[in-house]
Amino acid sequence: MTVRLQMEHLKVPFDRIAIEDAVTLLRRRLCDNSSLQLLLPDAAENYSKLQYLLSNTVTNTCNNSVLLLGPRGCGKSMVLERVLKELQCQHPDMISVVRLNGLLHSEDRCALKVRSEILLMT
């Protein structure tokens, strides 16, 4: 049995102002640090912990590693990006971010080589 939809009946007039309001609301909720708690239940707590750990690492010139674990979509990248952005604003000359991809840099030797090249360029 094949179901055909009549596109003429599905035409919905759109209101440009309503769409712009929706986009503004989504941007505010996704980009505002104060909305971390609203988006993900543990995001604000994880943000403060990660921010504390990384800021101490930078200010005390320690060599710490951080491993973020969690299911897909739980906010790992979002929290990390916000913390790195804040720290780069606070300490612009002290932070170098090296981004590695497990699919591209699957061996330790390759990852260290890329990291060294990036650090030498900065």
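Residues numbered from 1 in each chain as written. Predicted model: local features only at pLDDT ≥ 70, side-chain atom pairs only at ≥ 80, totals over all residues. Heavy atoms only, no water.

(A) Representation of the pattern of salt bridges in the model. The full count for this structure, using the stated rule, is one salt bridge. In this structure, Glu45 engages Lys49 in a salt bridge whose closest nitrogen and oxygen atoms are separated by 3.0 Å. Of this pair, Glu45 and Lys49 both sit in helix H4 (residues 43-59), four residues apart, which is roughly one turn of the helix. (Salt bridge = Lys/Arg side-chain N within 4 Å of Asp/Glu carboxyl O. Helix = DSSP H or I, 4+ residues; strand = E, 2+ residues; numbered from the N terminus.)

(B) A look at unusual backbone geometry. In this structure, Thr61 is a non-glycine residue whose phi angle is positive, near 45°. You can see Thr61 is positioned in the loop between H4 and helix H5 (76-90). For Thr61, a relative accessible area of 67% puts it in the exposed group. (Buried < 20%, exposed > 50% of the residue type's maximum accessible area, 1.4 Å probe, protein only.)

(C) Structural context of the packing of H4 against H5. At a closest axis distance of 9 Å, the pairing of H4 and H5 adopts a crossing angle of 40°. Of the possible angle classes, the one that applies to H4 and H5 is oblique. Crossing handedness for the pair H4 and H5: right-handed. From H4, Ala43, Asn46, Tyr47, Leu50, Gln51, Leu54 and Ser55 reach across to H5, where they touch Met78, Val79, Leu80, Arg82, Val83, Leu84, Glu86, Leu87 and Gln90. (Axes fitted to C-alpha atoms, helices over the stretch in contact; angles between N-to-C directions. Parallel < 35°, antiparallel > 145°, perpendicular 65-115°, else oblique. Left-handed = near helix turned anticlockwise from the far one by under 90°. Contact = heavy atoms within 4.5 Å.)

(D) Summary view of the side chain of Ser55. Of note, Ser55 is situated in helix H4. On the basis of relative accessibility, which here comes to 13%, the residue Ser55 falls in the buried class. For Ser55, the side chain forms a polar contact with the main-chain oxygen of Gln51, separated by 2.9 Å. (Polar contact = N/O pair within 3.5 Å; in protein donor to acceptor, adjacent residues only side chain to side chain.)

(E) Inspection of a nonpolar patch on the surface at higher detail. On the surface, Leu53, Val66 and Leu68 cluster together into a nonpolar patch covering about 200 Å² of accessible area. On the secondary structure map, Leu53 appears in helix H4. (Patch = residues over 30% accessible without salt bridge, like charges linked within 9 Å, V, L, I, M, F, W, Y side chains within 5 Å. Areas by Shrake-Rupley, 256 points an atom, 1.4 Å probe, with all protein chains shown as cover.)

(F) A look at the nonpolar core. Counting 10 residues, the largest nonpolar core consists of Ala43, Tyr47, Leu50, Leu54, Val58, Val79, Val83, Leu84, Leu87 and Ile95. No other element matches H4, which puts five residues into this core. In contact with Val79, not counting residues within four places along its chain, are Ala43, Asn46, Tyr47 and Leu50. (Core = buried A, V, L, I, M, F, W, Y, C linked by side-chain atoms within 4.5 Å.)

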